[in-house]
Amino acid sequence: DAQLGRRALGRTARRVLLIAAGHAVEKMAESLSPEEQQDRWLEEGKAVVKQQSFLMKRALDNSNLRDGLKYGSNMLCELRTGLLSPKNFYELYIMIADEMRHLESYFFDEFKRGRRMVELYELVQHAGNIVPRLFLLITVGSVYVRSKEAPARDILKDLVEMCRGVQHPMRGLFLRNYLLQCTRDKLPDVGGEFGNEVGDSVDYLMHNFSEMNKLWVRMQHQGPVRDRERREKERLDLRILVGMNLVRLSNLEGVDAEMYKASVLPRILEQVVSCKDQIAQQYLMECIIQVFPDEFHLRTLTELLTACGELQSGVDLKTILIALMNRLAAFAKAEPGSIPSDVDMLAIFQENVAKISSANLPLAGLLDLQVALVNFALGLAPDKLDYVDSILASCASTLASVEGGRVEGPAKHAVVSLLKTPVLSNGNPLAILALPNYSPLIAYLPLESRKEVAVLIARILRQSGTEVTTVEETDTLLSFLQPLVMDAAEDAAAQQELDDDEEEFDQEQGMVAALMHQLKGPDAASQFAIYVAARKHFGQGGAKRIKHTLPALAFRALDLATRIKREETEGTAPVVPAKKVFGFCLETLKGLASSEPCLALKLFLQGAQAANNCGEDKIAYEFVSQAFVLYEEEVSDSKVQLELVIQSAGTLCRLSNLDPEDYDTLITNTTKHAARLLKKPDQCRAVYVCSHLFWNDSVTYAPDEEGEEARTFRDGKRVLDCLQRSLKIADVCMQASSNVHLFVEILNRYLFYFEANNDKVTVKYLQGLVDLVKEHLATLQDGGDESAAVKAHFDQTLKHVQAKQADASDDRFEALTL
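First, a word on scope: everything that follows refers to the structure included in this document.

The rules we used
- Residues numbered from 1 in each chain as written.
- Predicted model: local features only at pLDDT ≥ 70, side-chain atom pairs only at ≥ 80, totals over all residues.
- Heavy atoms only, no water.
- Helix = DSSP H or I, 4+ residues; strand = E, 2+ residues; numbered from the N terminus.
- Rg over C-alpha atoms; globule rule 2.2 N^0.38 Å.
- Buried < 20%, exposed > 50% of the residue type's maximum accessible area, 1.4 Å probe, protein only.
- Arc of directions from axis to C-beta.
- Contact = heavy atoms within 4.5 Å.
- Phe/Tyr/Trp six-rings, centres within 6.5 Å; stacked < 30°, edge-to-face > 60°.
- Lys NZ or Arg CZ within 6 Å of the ring centre and 35° of its normal.
- Patch = residues over 30% accessible without salt bridge, like charges linked within 9 Å, V, L, I, M, F, W, Y side chains within 5 Å.
- Areas by Shrake-Rupley, 256 points an atom, 1.4 Å probe, with all protein chains shown as cover.
- Salt bridge = Lys/Arg side-chain N within 4 Å of Asp/Glu carboxyl O.
- Lys, Arg positive; Asp, Glu negative; His and termini not counted.
- Charge placed at Lys NZ, Arg CZ, Asp CG, Glu CD.
- Axes fitted to C-alpha atoms, helices over the stretch in contact; angles between N-to-C directions.
- Left-handed = near helix turned anticlockwise from the far one by under 90°.
- Nonpolar A, V, L, I, M, F, W, Y, C, P; charged D, E, K, R; others polar.
- Disulfide = S-S within 2.5 Å.

Attention now goes to the overall build of the protein. The helix and strand inventory of the protein stands at 37 helices and 2 strands. For the protein, the C-alpha radius of gyration of 47 Å lies well beyond 28 Å, the compact-globule estimate for 818 residues. For the protein, the spread of C-alpha atoms along the principal axes amounts to about 155 × 75 × 55 Å. For the protein, buried positions account for 49% of its 818 residues.

What sets the pattern is the α-helix's 3.6 residues per turn: residues three or four places apart point alike. Within the span of helix α22 (residues 471-480), buried status applies to T474, L477, L478 and F480. End-on view of α22: buried residues confined to an arc of 160°, all on one side of the axis. Elements that come into contact with the buried residues of α22 comprise α20 (429-433), α21 (447-464), α23 (482-485) and α26 (524-538).

Let's shift gears to the packing of aromatic side chains. Evaluated as defined, the whole model comprises 21 aromatic pairs. On the basis of an interplanar angle of 45° and a centroid distance of 5.1 Å, the ring pair of F135 and Y178 is categorised as tilted. Of this pair, F135 sits in helix α6 (residues 130-147) while Y178 sits in helix α8 (residues 169-183), and the two are 43 residues apart along the sequence. Take F135 and Y178: they sit in the same class, and that class is buried. Seen from their ring centres, F752 and Y753 are 5.0 Å apart, and the 75° between their planes marks the pair as edge-to-face. For F752, a relative accessible area of 39% puts it in the partly exposed group. Residue class for Y753 comes out buried when judged on its relative accessible area of 0%. Over the aromatic face of F754 sits the side chain of R812, whose NZ or CZ is 4.7 Å from the ring centroid.

The next subject is a negative patch on the surface. Taken together, the side chains of E35, E36, D39 and E43 define an acidic patch exposed on the protein surface. Structurally, the position occupied by E43 is in helix α2 (residues 34-61).

Let us now look at the packing of helix α10 (residues 228-250) against helix α12 (residues 278-291). Direction vectors running N to C along α10 and α12 enclose 35°, while the axes themselves pass 10 Å from each other. The handedness of the crossing between α10 and α12 is right-handed. From α10, E232, R235, L236, R239, I240, V242, G243, L246, V247 and S250 reach across to α12, where they touch I279, A280, Y283, L284, C287, I288 and V291. Of the residues belonging to the contact of α10 with α12, the class tally is 12 nonpolar, 2 polar and 3 charged.

All told, the structure shown has 0 disulfides when counted by the stated rule. With no disulfide of its own, C733 lies closest to C684 among cysteine sulfurs, the gap being 6.4 Å. For C733, a relative accessible area of 10% puts it in the buried group.

Counted by the stated rule, this structure contains 37 salt bridges. As a salt-bridge pair, K318 and D368 come within 3.6 Å of each other at their nearest N and O atoms. Highlighted residues: K318 in helix α15 (residues 317-334) and D368 in helix α17 (residues 363-380), separated in sequence by 50 residues. By relative accessible area, D368 is classed as partly exposed at 25%. The partner of E755 in a salt bridge is K804, and the shortest N-O contact between them spans 4.0 Å. Of this pair, E755 sits in helix α35 (residues 736-755) while K804 sits in helix α37 (residues 785-806), and the two are 49 residues apart along the sequence. In this structure E755 comes out as partly exposed when scored by relative accessible area, which is 28%. Taken together, the salt bridges that share partners define one network made up of E110, R113, R115 and E119.

This brings us to the side chain of Q271. Locating Q271 in the fold gives a position in helix α11 (residues 257-275). Given the relative accessible area of 18%, Q271 is considered buried.

A few words on the environment of P340. Along the chain, the position of P340 falls in the loop between α15 and α16 (345-357). On the accessibility criterion, P340 (24% relative accessible area) is partly exposed.

What follows concerns unusual backbone geometry. Leave glycine aside and you will find that most residues have negative phi; peptide bonds, for their part, are mostly trans. Positive phi values are uncommon outside glycine, yet K148 reaches one of about 60°. Relative to the assigned elements, K148 resides in the loop between α6 and α7 (152-162). The phi dihedral of K276 is positive, around 50°, even though this residue is not glycine. As for its position among the elements, K276 is in the loop between α11 and α12.

Encoded structure:
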């Protein structure tokens, strides 16, 4: 009795300990987060798998099949769990599937040792639980097919039917996926090892696909409504298991386009439509498009698009159709000659897109469809742009109802893509801009997006080098490039924000200006008409833009005038005279003068040189006159004034065709401006530079009636006046080093004219200047680099004089004492 009491007490104590341990585990589980619980359950499952797989392999190594099956069954029992998420269940499933390969190898070794596979096939069916029983059955069945003891068709049919025994969605999906994995290389196919009847494989895969799809859809309806979002996520995690059936179907060599159209696709679409599940229909339609060859889609395009119309209202038809169109467009580009002549794909797609338009599809989704349709049309028939234009017309009618006339958000991006796609695909912006329904679409975009498209058009046109040959093309192009060519009055704030980036703005305007080189008419008259049309657009660009665009236009006009003058010289009578083109250039530069006077003044001087080279002296005089007017009215900065006076003097020295009287008027005016400069050193340098205007061999007096020969424009007295005046100005400069430097520079000018035989410049003036410089240098303190530069300059000047004195052929320098 005492012994029985002690045993009873021990059992009670153990129960108490077990209950306490259970409560402790429950409390621990309650304290863990869902992710931590999942990790814990997965680790526990992995630990069991490792243990049981080790025992299974040890038993099989000892040829103990019964224990091996027992441990294998225990390992497979871990797949009965309902606690793991699909992601963790998949990880556990992969681990077990890897271990099952050892068992499959053992079964195949048994077959090679002479054991009949039918015995093993019946033996594994004695497993106690249906999940491990069916996994074992599939493993044996795979070897059973390889053994060829029975037709593969019968074994596959039996296996796929037996899998109906597991109706739990997640377990059933992984079981049938294991069936697919084990039989993927054992399906009957044309020229296959396990039979030639590809129809048997189609039946087997379609049966498995149907059952897996049902299990997958059933997951949506299990559990409370509050877990709907979690179930949808889990379903999306498992979708690849269902799609694997379609991948296996697409890999069958015996399934050709005819068989696919007659028996494969109808059965797939029947399953897709009949399941009436949004997630399943979305994924499976995308899967069909991706896994089957393009040739199959071409043969069954009508059936596929008809099925799209029968899908649930929540299915994103836009994504499905875009994927199909993009794939067929890429196929058409890669293999242009492979499209059947009896298949009008564009018409079929347009018809179906029109049907979808009547549904409650968002504007952005509808426009995305149109973008894909444009891509498709360009891939199908790149040269038939009327297809693209008809699509653009449909888009225009859709956008006509947009409130406020502007699109935003996804719809805006869709319209931008709609405008970019034809240009990027075709590569000829002018051909796309010629489409009647293309340019109007840009009006629905905000300024920033209009500018983005305009920059693309300009860049591609510049890169392609396409020439703009008519006034109509010029107007169309520059009207479309309006965001780059002129300010947008209605979007002033947005315009200011976009133009704040100076570097980007300058790059854009430089690109627009470069387009001037591509405005090329077939003849001079057309060319001039194109420039006139371009000026109408550029002239409205505002101060920031015209400084980039009008100079380019002016230079092209000067080039045209030079070409026309050359034709006139050769005896050809042009439709547009050169004078008219020069007048156009003059007016263009006047438009630039108010905002960029310095730039306009330089361009006036450039125009004067061009007119002079063409022999148009009066026009050259007008250009220079306009430059002086602009100088007097607009230029006030002393540094700029000095630069412009020197440039004006340099230009006048090259105007060889001017009438001497007109030339005299201009150079006198230039010298006056030089003498009025603000800073004395600037005055000094400008005046002695102007002295060259009075000693200019380029300007020639024509012979008079009395027989006097032609002579060049040389006025020694006025040259001396300029030099003497510059010397007086230099003498009043307060800074000693600057004063001496100016003396040395003036000495060099005197030497130049002395060597040029100007009889007004004598040795007396040279000697006086040399002595003056020596006197100042003697009192000049060492002031660093500037003083050294003055002395070096003077030393080089004296060396030059000494070289002249040593030249026996010229004795004029002998009187000069150094």
